[in-house]
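# Summary of the model geometry
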Amino acid sequence: MSDKKIVGVDVGASGIKGAVVNIETGELLTERFKLPTPKPATPQAMAGTFAELIKILDWNGPIGCGFPAIIKKGIAHSAANIDKSWIGTNVEEMFTNACGCPVKALNDADAAGLAEMSFGKGKGVDGIVLLITIGSGLGSALFVNGRLVPNSELGHIYLKGEEKVAEFKASSAAKKREDISYEIWGKRLNDYLEHLDRIFSPDRVILGGGISRKFEKYSSYLTTNVDIVPADLRNNAGSIGAALYAAHPVF
Ligand code: BGC
């Protein structure tokens, strides 16, 4: 087994996806397998699904894991779209014990950001780059001159007049839950991005998550002055970045 190969797993609130990644090129060396996230998404249940995925990949080696929560030293400090019993749980220990391979974990959006900065639309971009992943929640990765500021959680800011955090209105889950058009949803996303612009003046904003593939359906509603681009690595960014992190767990 070459040490250029690491399994990257993107643990999400709706699916757990993984593939073997070449960490030098960012290429997936296998098909990306996906299993549904168990409901309720408790530590025990999710660890079982994680182990099943590693078995499908027939893997015995290091694993990187993007996880949808604030992660510090392997421990989850939030649980917005998964079972609350994750809070205080050591994600790395839980998954390592379940699958028998060493697992390193970081926030899922941070993982996607690392991948885009290395192989995608963030490559070579100086200044402030924000990656926003749009899915069950809104995740964020903040980079300053190529360095990640981990656990930024910008999906959890409050927009003016709103009682709930931004992800409640502007995630793909919100679009689906409320069954609204790309126009209505795109304008909401624009309000959110305008707000981020006022706070950070980013040099580039990269939109990730499944809906980034449909960028042309809502890009005309994104009228803010920021340079906004859809992620290059689309829905694979989380797995690729998780594998990169396992190779260099720098924070
Ligand atoms: C969580 C973040 C996560 C994002 C995307 C949010 O609800 O708080 O930690 O990155 O969803 O999964």
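Residues numbered from 1 in each chain as written. Predicted model: local features only at pLDDT ≥ 70, side-chain atom pairs only at ≥ 80, totals over all residues. Heavy atoms only, no water.

## Focus: the domain arrangement of the chain
The domain boundaries assigned to the chain delineate domain 1 (5–111 + 236–247) and domain 2 (124–231). Of note, the centres of domain 1 and domain 2, computed from C-alpha atoms alone, are 23 Å apart. Contacts between domain 1 and domain 2 engage twelve residues on the former and 13 residues on the latter. Across the interface of domain 1 and domain 2, roughly 850 Å² is buried in total on both sides, 48% from carbon and sulfur atoms. Run the count over domain 1 and domain 2 and you get zero salt bridges. (Domains from an automatic or database assignment. Contact = heavy atoms within 4.5 Å. Buried area = accessible area lost by both parts, 1.4 Å probe. Salt bridge = Lys/Arg side-chain N within 4 Å of Asp/Glu carboxyl O.)

## Description of the pattern of salt bridges
Scanning all chains against the criterion turns up eight salt bridges. Two residues, Lys-169 and Glu-162, come together in a salt bridge whose shortest N-O distance is 3.4 Å. On the accessibility criterion, Lys-169 (26% relative accessible area) is partly exposed. Ionic pairing is found between Asp-227 and Arg-204, a salt bridge with its closest N-O pair at 2.8 Å. With Asp-227 in the loop between strand S11 (204–208) and strand S12 (228–230) and Arg-204 in strand S11, this pair connects stretches of sequence that are 23 residues apart. With relative accessibility at 32%, the residue Asp-227 sits in the partly exposed group. Through salt bridges with shared partners, a single ionic network connects Arg-177, Glu-178 and Arg-188. (Buried < 20%, exposed > 50% of the residue type's maximum accessible area, 1.4 Å probe, protein only. Helix = DSSP H or I, 4+ residues; strand = E, 2+ residues; numbered from the N terminus.)

## Brief notes about the site of the ligand
Taken together, 13 residues lie around the ligand, and Asn-81, Asn-107, Asp-108, Glu-153 and Glu-167 are the ones closest in. In this structure, Ala-69 approaches the ligand through a main-chain N or O atom, which is 3.4 Å from an oxygen atom. Asn-107 is positioned such that a nitrogen or oxygen atom in its side chain is 3.0 Å from an oxygen atom of the ligand. The fraction of the free accessible surface of the ligand (310 Å²) that becomes covered by protein chains is 93%. Placement of the ligand is best described as lying within the largest pocket. Elements that contribute at least two residues to the shell around the ligand include exactly helix H3 (108–119) and strand S9 (138–144). (Near = heavy atom within 4 Å. Polar contact = N/O pair within 3.5 Å; in protein donor to acceptor, adjacent residues only side chain to side chain. Areas by Shrake-Rupley, 256 points an atom, 1.4 Å probe, with all protein chains shown as cover. 1 Å grid on protein atoms, 1.4 Å probe; cavity = no way out; pocket = protein on both sides within 12 Å on 5 of 7 lines; lining within 4 Å. Sits in = over half its atoms within 2 Å of the grid points.)

## What to know about unusual backbone geometry
Residue Lys-39 is joined to Pro-40 through a cis peptide bond whose omega torsion reads -5°. Mapped onto the fold, Pro-40 is located in the loop between strand S3 (33–36) and helix H1 (43–56). Phi at Asp-58 takes a positive value of approximately 55°, unusual for a residue other than glycine. If you check the backbone angles, Ser-201 has positive phi at about 45° while not being a glycine.

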